[in-house]
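# Examination of the molecular architecture
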Amino acid sequence: MGARSRGRAWKAESREAVGTHALCLRQPASAKWYDRRDYVFIEFCVEDSKDVNVNFEKSKLTFSCLGGSDNFKHLNEIDLFNYIDPNESKHKRTDRSILCCLRKGESGQSWPRLTKEKAKLNWLSVDFNNWKDWEDDSDEDLSNFDRFSEMMNNMGGDEDVDLPEVDGADDDSPDSDDEKMPDLE
């Protein structure tokens with residue numbers, strides 16, 4: 001075998017080894033979380049996820065999956081701020097993310113952070129789009145939340161479960177930006 005052939009063979013073996021090595025590496029999936037009266041929601045942002053595994057324990061959440069076209073292995077282990085009810089906690093996979101709904105062990109208790117420790121995790125952020133100061137909720141807001149909670153209780157890991165609307169996020173009512181624009185002259 002000539003030097004050139006050995007070089008090509010080495011490069012091919014190196015690419016194969018790198019590809020195999022990538023499957024062995026584990027990286028936390030980026031995640032966003034928010035707090036509600038009876039639940040804590042965590043959304044793991046992994047597109048095209050496969051082999052999703054979510055394990056709910058009383059004071060810990062373990063999430064793993066293969067994600068993206070390169071099947072990159074993601075693993076997140078979270079020691080939770082407070083305890084949850086593992087039997088009443090659910091998750092739902094979509095093409096873009098995995099939403100976990102953790103039933104709080106003590107309803108009505110605010111979680112100032114998701115994790116037991118105050119350490120800043122670079123893969124975890126607060127979902128300010130869904131964050132709400134629920135301690136000052138009106139009765140009307142509470143009824144909307146009760147409907148949302150009921151839907152989440154019925155939520156499983158099946159693909160055919162629809163997530164409910166949250167505070168008019170997909171509201172079809174006309175907005176000021178829905179008006180027809182005048183023609184340019």
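On a predicted model such as this, the values are computed, not experimentally measured, just so you know.

### Concerning the environment of serine 49
- If you trace the backbone, serine 49 turns up in the loop between β3 (39–44) and β4 (50–56).
- Placed 15 residues apart in sequence, serine 49 and serine 64 show a C-alpha to C-alpha distance of 9.6 Å.
- Excluding residues that lie within four positions of it along the chain, serine 49 makes contacts with Cys65, Leu66, Gly67, Arg93, Thr94 and Ile98.

### Remarks on the sheet that holds β4
- Strand order in the open sheet formed by four strands is β1-β6-β5-β4, with mixed pairing between adjacent strands. This sheet does not close on itself; its edge strands, each paired only once, are β1 (26–27) and β4.
- When strand β5 (residues 60–67) meets strand β6 (residues 72–79), the two strands line up antiparallel, connected through eight bridges. Note on β6: the bridge partner recorded for leucine 61 is isoleucine 78.

### Quick word on the sheet that holds strand β2 (residues 31–35)
- Within the open sheet, the five strands sit side by side as β7-β8-β3-β2-β9. Their pairing is mixed. Two strands bound the open sheet, and with one partner strand each, they are β7 (90–93) and β9 (124–126). Across the sheet, the axes of successive neighbouring strands diverge by a mean angle of 20°, strand direction being ignored.
- Bridge count for β2 against β9 is three bridges, and the pairing is parallel. Its bridge partner being in β9, lysine 32 is matched across the sheet by serine 125.

### A look at the nonpolar core
- Residues Ile42, Phe44 and Leu114 are the most contacted members of the largest nonpolar core, which totals 22 residues.
- Among the elements of the structure, β2, β3, β4, β5 and β8 (98–103) are those that each provide at least two residues to this core.
- Setting aside anything within four residues of it in sequence, one finds isoleucine 42 in contact with Ala31, Lys32, Trp33, Leu61, Ile78, Ile98, Leu99, Cys100, Leu102 and Leu114.
- Judged by nonpolar contacts, the second largest core, of five residues, contains Tyr34, Tyr39, Leu99 and Cys101.

### Quick look at the pairing of β3
- Burial analysis of β3 places five of its six residues in the buried class, which makes it a mostly covered element.
- In this structure, β2 lies alongside β3, joined through five bridges in antiparallel fashion. Residue pairing in the sheet places tryptophan 33 in a bridge with isoleucine 42 of β3.
- Counting the residues in the hairpin turn of β2 and β3 gives three residues.
- Summarising the sheet, β3 and β8 pair through six bridges and their orientation is antiparallel. Across the sheet, the residue bridging to phenylalanine 41 is cysteine 101, located in β8.

The rules behind these values
- In this numbering scheme, every chain counts its residues from 1 along its sequence in written order.
- A pLDDT threshold of at least 70 governs which residues receive local features in this predicted model, and a stricter bar of 80 or more applies before side-chain atom pairs are shown or counted, although totals over entire chains, interfaces and linings include all residues.
- Side-chain descriptors were evaluated using all non-hydrogen atoms of the structure, hydrogens and water having been removed beforehand.
- Each helix is a run of DSSP H or I of at least 4 residues and each strand a run of E of at least 2, with the numbering of both proceeding from the N terminus.
- Residue contacts are counted whenever heavy atoms from the two residues lie within 4.5 Å of one another.
- At least two bridges found by DSSP between two strands are what make those strands a pair.
- Fitted lines through C-alpha atoms serve as axes, helices being fitted only where they are in contact, and the angles separating the N-to-C directions of these axes extend from 0 to 180 degrees.
- We define the nonpolar core as a collection of buried residues of types Ala, Val, Leu, Ile, Met, Phe, Trp, Tyr and Cys that are connected through side-chain atoms lying within 4.5 Å of one another.
- Relative accessibility under 20% of the residue-type maximum defines a buried residue, over 50% an exposed one, and the middle range a partly exposed one, all with a 1.4 Å probe and only protein chains included.

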